[in-house]
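What follows is each chain in one-letter form.
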Amino acid sequence: MKVTQSNNLWTIVRYQLNNALRSRWVLFHGLLYFVLAEGLLVLTGSSDKSLLSMVNVVLLLTPLISLMFGTIHLYNERSFILLMLTQPIKRRLLFTALFVGLAAPLAGTFALGMAVPFAIHVKITGATLERLLLLIGSGALLTLIFTALAFLIAVRQTDRIRGVGVALIVWLAFAVVYDGLILVVVSTFAAYPVEKPLLALMMGNPIDLARIIIMMSFDAGALMGYTGAVFTRFFGSIVGTGIAFTAMAIWTIVPYRFAGRAFRKQDF
Amino acid sequence: MYLVSEATAPVELIGLHKSFGQNHVLGGVDLTLKHGEATAIVGPNGAGKTTLIKCLLGLTHPDDGVIRIGGREVDDDVSYRSAIGYMPQHPDFPDNLSTREIIDLLQQLRGNEHVDLSLQRLMELDREMDKPVRALSGGTRQKLSAVLAFMFKPPILVLDEPTAGLDPIASSALKDHIMAEKKRGATMILTSHVMSDLEELSDRVVFLLDGIIRFDGSLQDIRQRTGESKLERAIAQMLRGEAA
């Protein structure tokens with residue numbers, strides 16, 4: 001029985017992937033990052049400058065795209081979900097397949113779109129390779145995290161328009177509002193030692209975590225800002241990166257689990 | 001495949017309750033279906049027909065009550081679903097997959113069980129096999145839905161508006177197929193707004209109103225009770241009677 005279920009997982013994922021690869025959005029998604037990275041490389045002529053510019057693009061775009069695609073995908077796949085649920089397939093398994101079927105092509109085309117221009121233009125050596133891999137790795141993790149959040153939104157909010165609206169608000173909250181709040185906290189409590197509470201606050205935003213991971217690899221203290229400096233001072237570069245990655249992994253698992261549980265209880 | 005033996009009722013619903021918020025959709029439905037019998041579920045819009053069907057399929061979780069398929073209570077084990085073929089009211093499939101790929105997908109998920117694709121030929125779906133679903137008309141999707149429901153020869157068939165959108169050739173082919181499967185011993189649950197279809201296909205009528213079964217009997221019974229020879233008129237009269 002177990003064997004059949006895992007075979008079924010692979011069967012559904014493969015069909016989802018076929019479906020994704022044949023629709024244009026996956027290609028466009030890869031192309032988007034390809035054009036951005038290629039453009040920056042041609043314009044700046046420097047791999048480090050291009051990488052730094054791509055950091056901000058990746059930190060803003062991967063969460064936005066994952067949230068939008070994730071919610072819309074789940075609404076669009078409703079009929080496929082209904083078809084699958086009338087087959088002898090466990091909901092837990094179907095949910096996993098839906099997640100992998102979307103997150104894998106999103107993360108994959110993102111990674112390819114980023115990597116190819118660098119591979120073409122630059123002789124990638126030690127430090128650059130590490131930075132590129134960290135950027136691609138954290139971008140891919142952000143894709144998983146925000147796809148999981150998107151699934152959570154789409155399962156809890158069955159109205160498509162409201163779901164997409166909530167997804168946009170979540171993106172704004174993490175990408176824009178959160179950092180503003182941190183600034184407010186820092187300036188309000190400027191007279192107090194706020195480093196430790198600040199560390200806790202940074203764990204609450206996966207985009208901040210990704211920024212820390214990448215910035216620490218650039219040894220760019222000034223660019224890290226206050227929070228990044230605090231983080232490095234507390235943990236050092238390697239431990240800090242490890243902690244940030246662990247926190248991002250938790251950020252993937254928790255929304256995924258909540259969304260999965262809601263999916264199993266959902267009435268279709 | 002999940003075994004549904006002759007000795008037990010294929011489908012048993014006992015005290016089924018379901019509410020969506022304040023809206024009590026099913027208020028204690030008891031229904032036992034027999035082998036080789038086609039039961040039409042009729043009732044006005046919002047009577048609970050679709051919710052009843054969805055509870056049976058496991059798409060909706062009832063608040064209270066028991067569902068037995070082939071004598072076994074339905075729980076987390078989903079294998080009972082291999083005993084049920086389902087034609088949803090609004091069939092839709094992933095846009096980019098072809099008709100053939102969708103049939104293959106279900107076949108693979110069932111572990112390459114032997115399939116009966118005679119309906120595919122009868123409904124002239126052969127020419128559409130390699131087209132992506134997005135290029136299919138509503139009627140053709142309905143044909144695909146019929147093929148999928150019948151291809152594993154399941155002992156239980158749940159058909160929600162099965163002939164909606166079908167051309168006369170496909171519609172007759174499907175109805176012939178339904179009759180043949182019934183003769184073979186399959187249990188059917190049908191809903192339709194086409195009363196002549198229900199008249200032609202069903203043996204028993206269950207009249208559902210506000211989530212409660214108000215009438216359960218043969219076509220003959222309903223005609224006698226209302227004094228109307230046509231099912232449509234008989235049901236309309238029952239609706240008026242219930243409303244008064």
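In short, a report on the structure.

Cut-offs and rules
- Residues numbered from 1 in each chain as written.
- Chains lettered and ligands numbered in written order.
- Predicted model: local features only at pLDDT ≥ 70, side-chain atom pairs only at ≥ 80, totals over all residues.
- Heavy atoms only, no water.
- Helix = DSSP H or I, 4+ residues; strand = E, 2+ residues; numbered from the N terminus.
- Contact = heavy atoms within 4.5 Å.
- Areas by Shrake-Rupley, 256 points an atom, 1.4 Å probe, with all protein chains shown as cover.
- Lys, Arg positive; Asp, Glu negative; His and termini not counted.
- Charge placed at Lys NZ, Arg CZ, Asp CG, Glu CD.
- Buried area = accessible area lost by both parts, 1.4 Å probe.
- Salt bridge = Lys/Arg side-chain N within 4 Å of Asp/Glu carboxyl O.
- Nonpolar A, V, L, I, M, F, W, Y, C, P; charged D, E, K, R; others polar.
- Buried < 20%, exposed > 50% of the residue type's maximum accessible area, 1.4 Å probe, protein only.

Another point: the overall build of chain A. Counting secondary structure elements, chain A contains 11 helices and 0 strands. Seen through its principal axes, chain A has C-alpha atoms that stretch 60 × 45 × 35 Å. Intrachain contacts of chain A at a sequence separation of at least 6 include 84% that bridge at least 24 residues. Carbon together with sulfur atoms contributes 70% to the accessible area of chain A, which is approximately 12,300 Å² in total. Averaging the positions of the 21 positive and the 10 negative side-chain charges in chain A gives two centres separated by 13 Å.

A few words on the interface of chain B and chain A. Contacts between the two partners involve 29 residues from chain B and, on the opposite side, 25 residues from chain A. Here chain B packs against chain A, burying approximately 2,500 Å² in sum over the two surfaces, 56% of which is carbon and sulfur. Broken down residue by residue, the surface that chain B buries against chain A is led by Leu59(B), Asn96(B) and Leu109(B), which jointly contribute 25%. Here chain B and chain A share 1 salt bridge between them. The partner of Asp267(A) in a salt bridge is Lys18(B), and the shortest N-O contact between them spans 2.5 Å. Broken down by element, the side of chain B that touches chain A gets its largest block of residues, 7 residues, from helix α2 (residues 99-109) of chain B. For the side of chain B that touches chain A, the per-class residue count stands at 13 nonpolar, 7 polar and 9 charged.

With that settled, consider the pattern of salt bridges. As enumerated under the stated definition, the model contains 19 salt bridges over all chains in all. Put simply, Asp208(A) and Arg211(A) hold a salt bridge, and the shortest N to O gap is 3.0 Å. Residue Asp208(A) and its partner Arg211(A) are both found in helix α9 (residues 206-218); the two are separated by 3 residues, about one turn of the helix. Residue Arg211(A) is classed as partly exposed on the basis of its relative accessible area, which comes to 24%. The salt bridge involving Asp203(B) is made with Lys182(B); its shortest N-O contact spans 3.2 Å.

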